[in-house]
Amino acid sequence: MEDLGSVAWPPEPIRTERLVLREPEARDRAAFIELLASPEVHTYLGGPRPRDELERQVPRVPEQWPGSFVVDLDGAMIGHVLLRRATGHCRPAAAGKTDLGYLFLPRAWGSGYAAEACAAALGWLAGVLPGEPVVLTTQSANAGSMRLAAKLGFTEVERFEAWGAEQWLGMRSPEHVVQFGS
């Protein structure tokens, strides 16, 4: 994966009805470790990483690169949205396109925060890279991610076997607009 090229970074924080998408800061380190060590978060991602390993390896300011947004609710990180160029993607249909990834702490699940944050990040991307197609890959068994992909306007390109499970690859047309809170 590579960054988004000539996009100016960091942007001004993106505000939605309930959330702020902003650049990662040192105060987010503990939440990043919690995300990466969570068995619930990593059910469909190959399992969690050991917390002691993360404590040693996660930098003081984690995930600080173009396209990396902390999802902030009332001043605290609840998730992470990542937009990166999928240059090394294992599927030819996704190679070179922007890839959407996201992780949310279990306490933030079920409230629509992922949809709200991802739609805001995709709206930002459409403003800085008009016409950019976006891909998303998830395990087809991950019902929550499959619902989110549909809500965000991703349509199936293919299913494939990888990492011991069936994966779903979707693509979102650059013209697709999602409105939340209306």
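Residues numbered from 1 in each chain as written. Predicted model: local features only at pLDDT ≥ 70, side-chain atom pairs only at ≥ 80, totals over all residues. Heavy atoms only, no water.

Scanning the protein chain from N- to C-terminus turns up 4 helices and 8 strands. Each helix and strand of the protein chain, ordered N terminal to C terminal, gives the series β-β-α-α-β-β-β-α-β-α-β-β. Here the C-alpha radius of gyration of the protein chain, 16 Å, is about what a compact globule of 182 residues would show, namely 16 Å. Counting only C-alpha atoms and orienting by the principal axes, one finds that the protein chain spans roughly 40 × 40 × 35 Å. Of all 182 residues assigned to the protein chain, the portion counted as buried reaches 49%. Nonlocal contacts in the protein chain, meaning residues at least 24 apart in sequence, comprise 63% of its contacts between residues at least 6 apart. Of note, the protein chain has its 18 positive side-chain charges centred 1 Å away from the centre of its 23 negative side-chain charges. (Helix = DSSP H or I, 4+ residues; strand = E, 2+ residues; numbered from the N terminus. Rg over C-alpha atoms; globule rule 2.2 N^0.38 Å. Buried < 20%, exposed > 50% of the residue type's maximum accessible area, 1.4 Å probe, protein only. Contact = heavy atoms within 4.5 Å. Lys, Arg positive; Asp, Glu negative; His and termini not counted. Charge placed at Lys NZ, Arg CZ, Asp CG, Glu CD.)

What follows concerns the pairing of strand β7 (residues 154–162). Sheet topology note: the β7/strand β8 (residues 165–172) ladder contains 8 bridges and is antiparallel. Its bridge partner being in β8, Glu 158 is matched across the sheet by Leu 169. (Pairing = 2+ DSSP bridges.)

Following the sequence through the fold, Val 135 ends up in strand β6 (residues 134–139). Sequence separation between Val 135 and Gly 164 is 29 residues, and the spatial gap between their C-alpha atoms is 21 Å.

The next point concerns the side chain of Gln 167. Inspection of the secondary structure assignment puts Gln 167 in strand β8. When its relative accessible area of 5% is taken as the criterion, Gln 167 is described as buried. A polar contact is formed between the side chain of Gln 167 and the backbone oxygen of Ala 162, at a distance of 3.1 Å. Reaching out from Gln 167, the side chain makes a polar contact with the backbone oxygen of Ala 165 at a distance of 3.3 Å. (Polar contact = N/O pair within 3.5 Å; in protein donor to acceptor, adjacent residues only side chain to side chain.)

For the coordinates displayed, the defined rule picks out 13 salt bridges. For Arg 22, the salt bridge is made with Glu 25, and the minimal N-O distance between the two is 3.9 Å. One salt bridge connects Glu 166 with Arg 159, and the closest N-O pair in it is separated by 3.2 Å. Several salt bridges converge on common partners, so that one network encompasses Arg 22, Glu 25, Arg 27, Asp 28 and Asp 72. (Salt bridge = Lys/Arg side-chain N within 4 Å of Asp/Glu carboxyl O.)

Once that is clear, we can look at the sheet that holds strand β5 (residues 98–104). On the basis of which strands lie adjacent, the open sheet formed by 8 strands has the order β1-β2-β3-β4-β5-β6-β8-β7 and mixed pairing. In this open sheet, the two edge strands, each paired with only one partner strand, are β1 (14–15) and β7. Sitting on the sheet, helix α1 (residues 29–37) is in contact with β3 (68–73), β4 (76–85) and β5, with an inclination near 70° to β4. Each of β5, β6, β7 and β8 is contacted by helix α4 (residues 143–151), which is oriented at about 160° to β6, the strand it contacts most. (Axes fitted to C-alpha atoms, helices over the stretch in contact; angles between N-to-C directions.)

Let us look at unusual backbone geometry. Following Trp 9, the chain continues into Pro 10 via a peptide bond in cis, with omega recorded as -5°. Within the element layout of this structure, Pro 10 appears in the segment before β1. In this model, Glu 63 sits at a positive phi of 50°, which is unusual for a non-glycine residue. For Glu 63, the position within the fold is in the loop between α2 (51–57) and β3.

Further remarks concern the packing of aromatic side chains. Under the criterion given, the structure shown has 3 aromatic pairs. For the ring pair Trp 9 and Trp 124, a centre distance of 5.5 Å and an interplane angle of 75° mean the geometry is edge-to-face. Of the two residues, Trp 9 sits in the segment before β1 while Trp 124 sits in helix α3 (residues 113–128), which places them 115 residues apart along the sequence. With respect to burial, Trp 9 and Trp 124 carry one shared label: buried. Look at Phe 69 and Trp 124: their rings are 5.2 Å apart centre to centre, the planes differ by 80°, and that puts the pair in the edge-to-face class. Separated by 55 residues along the polypeptide, Phe 69 in strand β3 and Trp 124 in helix α3 bring together distant segments of the chain. Look at Phe 69 and you get buried, because its relative accessible area is 1%. Note on Trp 124: relative accessible area 12%, which makes it buried. Counting every residue linked through ring pairs, the aromatic cluster contains Trp 9, Phe 69 and Trp 124. (Phe/Tyr/Trp six-rings, centres within 6.5 Å; stacked < 30°, edge-to-face > 60°.)

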